[in-house]
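Examination of the molecular architecture
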Amino acid sequence: MPFNLLVLICLVYVIFLFLVAFVVESRAARGRLGFLRSPVIYTLSLSIYCTAWTFYGAVGYAARSGLEFLTIYLGPTLVFVGWWLVLRKLVRIGRQQRVTSIADLISSRFGKSNLLGVVVTLIAVIAATPYIALQLQSITLSFSVFARNTPEAWLVPGHADIALWVAGGLAVFTILFGTRNLDAKEQHHGIVTAIAVEAVVKLVALLAVGSFVVWGLAGGIGPMIDHIGTAEVPGWTFQSDRWVGLIALSAAAVISLPRMFQVMVVENIDESHLARASWAFPLYLFAMSLFILPIAVIGLERMPEGTNPDMLVLTLPLAEGQGALAMLAFLGGFSSATSMVIVETIALATMISNNLVMPLWLRLRPAAALSGDLRGGVLLTRRLAIAGVLALGFLYYRISGGSAALAAIGLIAFAGMAQFLPAMLGGIFWRGGTKIGALAGLVTGSAIWAYTLFLPSFGVDAVIPAQVFSEGLFGLGWLRPRALFGTEGMDPLVHSVFWSLSLNVIAFTLGSVLTFPDPVERIQGVAFVNAFDREAQAERLGWSHGQAEPEALLSLAQRILGEEALTFFEAQARAQGKEGFLPDLTPEFLAEAERKLAGSVGAATAHAMISQLFGRATVTVEDLMAVANETAQIMEYSAKLEAKQLELTRTARQLREVNDKLTQLSVQKDAFLSQISHELRTPMTSIRAFSEILTEGDLPPGMVADSGRIIHSEAVRLTRLLDDLLDLSVLESGTVQLNLELAHLGRMLDRAVQAASQTRPERSFEIRRDEMAEELHLMTDADRLVQVFINLISNARKYCDADPGLLRIVVRQKAGRVTVDFIDNGKGIPKEAQRLIFEKFARMTDQMRAGGAGLGLAIVREIMVNLGGTISYLPGQKGAAFRVTLPLRLEKPAAKSARAAAL
Amino acid sequence: MAGRVLLIEDEPNIAEAIRFILSREGCEVLVESDGAKALDRVAEARPDLVILDLMLPGMSGLEILGALRADSETRELKILMLTAKGQGRDREAAERAGVSAFMAKPFANAEMRAQVRALLEG
């Protein structure tokens, strides 16, 4: 067949796959996954386990080693039959923790360790390299096999060139397939479907070739069995150590291969698919292995000596003239290789970008994380990673010479990936596993694998000098790569697997036992080991796991947002074209709802709520920490609120007090105005009445004079009242002008006594004084003080009911202050009235009104306040007793502050 | 205008003015200045009309009014309330307490005469 036609067919096939992926991808984007939700797709995508190695290599393997090839199928079969044990838990944890790769799983389990992620990624990349080289080699071989017998054979480029082209083509293909866009869950529905298609192609191709061999060449099942029975192959010996080792290895590989993890855990959209796959996938493997032995036996019989047994699937139909069948076989092999490479490189690229490059980049440029979109960066990283991984594969192919048997290369990769197993299984079944333990196990195991299997695979003297092979590292015999610790005569593969995994497990266990997990590790450990308990608990709590209805979200939202929730849901439903119904739970809607809730309860809490509700993942430790942070902030906020509340209460109380005071003042003012009105109207009544009497005429004798006298005296009273009111208002406002001077107390009292003598001059009234004590000079406003004295003396003259009246004026001086007591010999003021006498218009009896309007003592009190002193009633004396206290020296007219203090 | 008027007023000059005005009209005017003695004075003098000042020492005009209205003997007694406070509140309180008429100080003498005549003759 012409080489160009072959290339064309390959291209058409690839374009077809690409279209399949594209259509599915766009349907998925519209939320219509349809048949993708079928477990058939999931099972077929698992067939990625069967790579070109299985497709071509298994026949070669059978041709070389007989039934041993079955071990490669038996391991996965055991794992899937026992899916309940490991796979189910892996898938569950994968979804709970939003795991995106093996590196993610291990680093997440052991306390989100970046270092572990890096180590796992590096091991995966290194271990995958020979495996990818294997695919390149098989495609290259198949190309050259096809082109060998054509006229243009001379045109066919050399193996290395083909491999380069294949690697480049696969890189472009994978980049186109796998990095068109980013999915947070790292799911690729399109690719999974394309792989399922390829799975069908490779199964059909192998079954077709097998059927042709059995029925077309051997002549039926019976003769075929005879052929197998008579076949004698020297290498066909049963080595029990290899069987056990290989079954264990392939079982480990199916769990820990990055691409298997990708399709099995990451791409899993429904856990129940696993139950179906648990029998369907072994069945697929059985179908794939059914005709391996017949093809190998008939191929060995019919093909000339020296034919590469790895290519029998292709060369046998070709030799028998079955071009179309050969073409189908070629496409089967091509499918096997491409699907493996695509998924493997995508898985590795995810690890490289998520666990290697991005953490590093974010650490170097933390601003980038804040400044927004990392998409571009991530996609570029992935694309470069895909190219890089394929380049490494190509490099391995070139260095290893492309000569090794396919199976041998595949097993090297298996052994490398198997190093993840202790950390994975230990992580999900043993809470005691720690980061240090995992790290120790991984590093130890992979180092031994590299030393005993991977590096030697380049060939003796290629990387490790021949001398080391024969005498050991540093000349230490027990460090020979093929005979560690003196275990000579072991199969190299079994030797490597045994030592690497044993020491891996020991290092992991010891490291875990000897170190203590940090809190995050501890919590993650519980989350992983108790993955099922957590869900059971969540279900008990009423979260309908994984199948939340819009109603549940609405009721949650209503609890938080209140009425607004309904409005929001209605708007969203309208936007989805579902007016009048609840909106579909599309990712966009959920994101919007989460944002909405975040506005009320904080982003982390909202995320945790939505996640819980939809079982997308149970709450991670980071979520919890973030929730705690938010709670702390809210508590701080409410503490602040509480403080504000207290302050408000205090202010309110002050306001209430002020208000009460104002109300009281207002009442007092009303009472005062009412009093003034009364005090003004009373004299005016007399004046008006008598002036009308005067104008009416016809008066009895003397009435005119009497009326005139009364009018005069009431007018005087009115004037005095107005004077007093003005005086009081000036004194109360604190704007009074004080004339401070040095005044002699005795002389001031003389003036007062003189002035007061006008009051009831007729009565006999004695004033007893102590002139010695009055020898004092005061710095004060003398006129004001005299006013006070006059008031007190005339009050005594007015109200003292004793006859003869006696007023004693007692002066004392103490600590810069002077007290002047005025004590008469009357009945005094009743106790209940003593409190009131200094208030305005607080007159006691009719007798007390003898001239004043009831403002006298109020004015006295105000004057004393202005003079920096006080006036008080002295209870317990025989008669009425007032005490005036004032400073010897009034420094400054401190009226206002004195008033404030007095109030 | 004949009749006995008891004037309960603590301001001597106002009492004198009213006494003069009403006496000239033919009334017999008795004056009491102490609120505390007012009720005794009413019982003793049996006036046809009481002119009562609101603000009195001893017992306020409203208290005296209430006491007079509570007594069956004086329930129908004509009472003219005088006040210098001139506020609506006082007037309302007095009317509620059953005052016959109300007059604010200062008053016009003619008004006083007319009011007293109306009460005595009505």
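The rules behind the values
Residues numbered from 1 in each chain as written. Chains lettered and ligands numbered in written order. Predicted model: local features only at pLDDT ≥ 70, side-chain atom pairs only at ≥ 80, totals over all residues. Heavy atoms only, no water. Helix = DSSP H or I, 4+ residues; strand = E, 2+ residues; numbered from the N terminus. Contact = heavy atoms within 4.5 Å. Areas by Shrake-Rupley, 256 points an atom, 1.4 Å probe, with all protein chains shown as cover. UniProt positions renumbered as here; feature names shortened; annotations may be inferred. Buried < 20%, exposed > 50% of the residue type's maximum accessible area, 1.4 Å probe, protein only. Phe/Tyr/Trp six-rings, centres within 6.5 Å; stacked < 30°, edge-to-face > 60°. Pairing = 2+ DSSP bridges. Axes fitted to C-alpha atoms, helices over the stretch in contact; angles between N-to-C directions. Polar contact = N/O pair within 3.5 Å; in protein donor to acceptor, adjacent residues only side chain to side chain. Core = buried A, V, L, I, M, F, W, Y, C linked by side-chain atoms within 4.5 Å. Domains from an automatic or database assignment. Salt bridge = Lys/Arg side-chain N within 4 Å of Asp/Glu carboxyl O. Right-handed = clockwise from strand over helix to strand, strands pointing away. Parallel < 35°, antiparallel > 145°, perpendicular 65-115°, else oblique. Left-handed = near helix turned anticlockwise from the far one by under 90°. Nonpolar A, V, L, I, M, F, W, Y, C, P; charged D, E, K, R; others polar.

Focus on the overall build of chain B
- A tally of helices and strands in chain B yields five helices and five strands.
- Counting helices and strands in the order they occur from the N terminus, chain B gives β-α-β-α-β-α-β-α-β-α.
- Pairs at least 24 residues apart make up 62% of the contacts formed inside chain B by residues separated by at least 6 positions.
- Here chain B has roughly 5200 Å² of accessible surface; of this, 45% comes from carbon and sulfur atoms.

Regarding the UniProt feature "modified residue: 4-aspartylphosphate" (unreviewed entry) in chain B
Residue and element names in this part refer to chain B.
- Within the UniProt annotation, "modified residue: 4-aspartylphosphate" (unreviewed entry) is assigned to Asp-53.
- In this fold, Asp-53 is placed in strand S3 (residues 49-53).
- With residues up to four places along the chain from it excluded, the contact list for Asp-53 reads Ile-8, Glu-9, Asp-10, Gly-61, Met-81, Leu-82, Thr-83 and Lys-105.

Some words on unusual backbone geometry
- A cis geometry characterises the amide bond from A:Asp803 onward to A:Pro804, with omega recorded as 5 degrees.
- Following the sequence through the fold, A:Pro804 ends up in the loop between helix H33 (782-799) and strand S6 (805-814).
- Going from B:Lys105 to B:Pro106, the amide bond is cis rather than trans, its omega being -10 degrees.
- Inspection of the secondary structure assignment puts B:Pro106 in the loop between strand S5 (101-104) and helix H5 (109-121).
- Positive phi, normally seen in glycine, also occurs at A:Arg760, with a value near 40 degrees.
- Position of A:Arg760 among the secondary structure elements: in the loop between helix H32 (745-756) and strand S4 (765-769).
- For A:Arg760, a relative accessible area of 34% puts it in the partly exposed group.
- Phi angles above zero are rare outside glycine, and A:Ala815 is one such case at about 50 degrees.
- When you line up the elements, A:Ala815 lands in the loop between S6 and strand S7 (817-824).

Here we look at the packing of aromatic side chains
All names here are of chain A.
- Using the criterion set out here, one finds 16 aromatic pairs over all chains in the structure.
- Ring geometry for Phe-838 versus Phe-882: centroids 6.0 Å apart, planes at 85 degrees, classification edge-to-face. Taken as a pair, Phe-838 in the loop between helix H34 (831-834) and helix H35 (856-866) and Phe-882 in strand S9 (residues 881-887) lie far apart in primary sequence, 44 residues in all.
- Note on Phe-838: relative accessible area 10%, which makes it buried.
- Among the residues examined, Phe-882 registers a relative accessible area of 7% and is labelled buried.
- An aromatic cluster of at least three residues, connected via ring pairs, comprises Tyr-13, Phe-330 and Phe-334.

Describing the sheet that holds strand S2 (residues 27-32) of chain B
All names here are of chain B.
- With respect to topology, five strands assemble into an open sheet ordered S2-S1-S3-S4-S5, the strand pairing being parallel. Pairing within the sheet leaves two strands with one partner each, and these edge strands are S2 and S5. Strand-to-strand twist in this sheet, taken as the mean axis angle between neighbours without regard to direction, amounts to 20 degrees.
- Bridging between strand S1 (residues 3-8) and S3 involves four bridges; their strand directions are parallel. Counted as the bridge partner of Leu-7 is Ile-51 from S3.
- Strands S3 and strand S4 (78-83) of the sheet are contacted by helix H3 (residues 61-70), whose axis makes an angle of about 170 degrees with S4.

Describing the side chain of A:Arg109
All names here are of chain A.
- Counting through the fold element by element, Arg-109 comes out in helix H6 (residues 102-109).
- Assessed through its relative accessible area of 2%, Arg-109 is described here as buried.
- A polar atom in the side chain of Arg-109 sits 2.6 Å from the backbone oxygen of Gly-427.
- The residues contacting Arg-109, other than those within four sequence positions of it, are Gly-427, Trp-430, Arg-431, Gly-433, Glu-521, Gln-524, Gly-525 and Phe-528.

As for the nonpolar core
Residues and elements named next belong to chain A.
- Counting residues in each nonpolar core, the largest one holds 168 residues, and the members touching the most others are Tyr-49, Ile-106, Phe-330, Phe-414 and Phe-420.
- When residues of this core are assigned to their parent elements, the largest contribution, 18 residues, is made by helix H7 (residues 114-148).
- In this structure, this core is formed jointly by two domains, domain 1 (3-406) and domain 2 (419-529), each of which donates at least three residues.
- Sequence-distant contacts of Phe-330, that is, excluding residues within four places in its chain, are made with Leu-6, Cys-10, Tyr-56, Ser-142, Phe-143, Phe-146 and Leu-314.
- Listed in part, the 54 residues of the second largest apolar core include Ile-676, Leu-792, Ala-833 and Leu-886.

Describing the pattern of salt bridges
- A complete count under the given rule lists 27 salt bridges over all chains for this structure.
- The salt bridge involving A:Asp783 is made with A:Arg751; its shortest N-O contact spans 2.8 Å. Here the residue A:Asp783 occupies a position in helix H33, and A:Arg751 occupies one in helix H32, the gap between them amounting to 32 residues.
- Looking at A:Asp783, the relative accessible area reads 46%, which means it is partly exposed.
- Where B:Asp53 meets B:Lys105, a salt bridge forms, and the shortest distance between an N and an O atom there is 3.1 Å. Residue B:Asp53 is located in strand S3, and its partner B:Lys105 is located in the loop between S5 and H5; the two are separated by 52 residues in the primary sequence. As far as the burial class goes, B:Asp53 and B:Lys105 line up, both buried.
- Connected via shared salt-bridge partners are A:Glu696, B:Arg24, B:Glu25, B:Arg113 and B:Arg117.

What to know about the sheet that holds S6(A)
Residues and elements named next belong to chain A.
- Taken in spatial order, the five strands of this open sheet run S4-S6-S7-S9-S8, and their pairing is mixed. Of all the strands in the sheet, just S4 and strand S8 (870-873) have a single pairing partner and so form its edges. Neighbouring strand axes in the sheet, compared pairwise and without regard to direction, differ in orientation by 15 degrees on average.
- Relative to S6, S4 runs parallel, the two sharing five bridges.

Here we look at the pairing of S3(B)
Residue and element names in this part refer to chain B.
- When you tally the buried positions in S3, you get five out of five residues, the bulk of the element.
- The alternating pattern of S3 places Leu-49, Ile-51 and Asp-53 and Val-50 and Leu-52 on opposite faces, both of which are buried.
- Pairing between S3 and S4: five bridges, direction parallel. When the sheet's bridge partners are listed, Leu-52 is paired in S4 with Met-81.
- The handedness of the S3 to S4 crossover, carried by H3, is right-handed.

Concerning the packing of helix H2 (residues 39-46) of chain A against helix H9 (residues 189-218) of chain A
Residue and element names in this part refer to chain A.
- Packing of H2 against H9 brings their axes to within 8 Å, and their N-to-C directions diverge by 70 degrees. Taken together, H2 and H9 sit at an angle that is classed as roughly perpendicular. As H2 runs across H9, the sense of the crossing is left-handed. When H2 is examined against H9, the residues Ile-41, Leu-44 and Ser-45 are found in contact with a partner set consisting of Val-192, Thr-193, Ile-195, Ala-196, Ala-199 and Val-200.
- Looking at the contact of H2 with H9, its residues break down into seven nonpolar, two polar and no charged.

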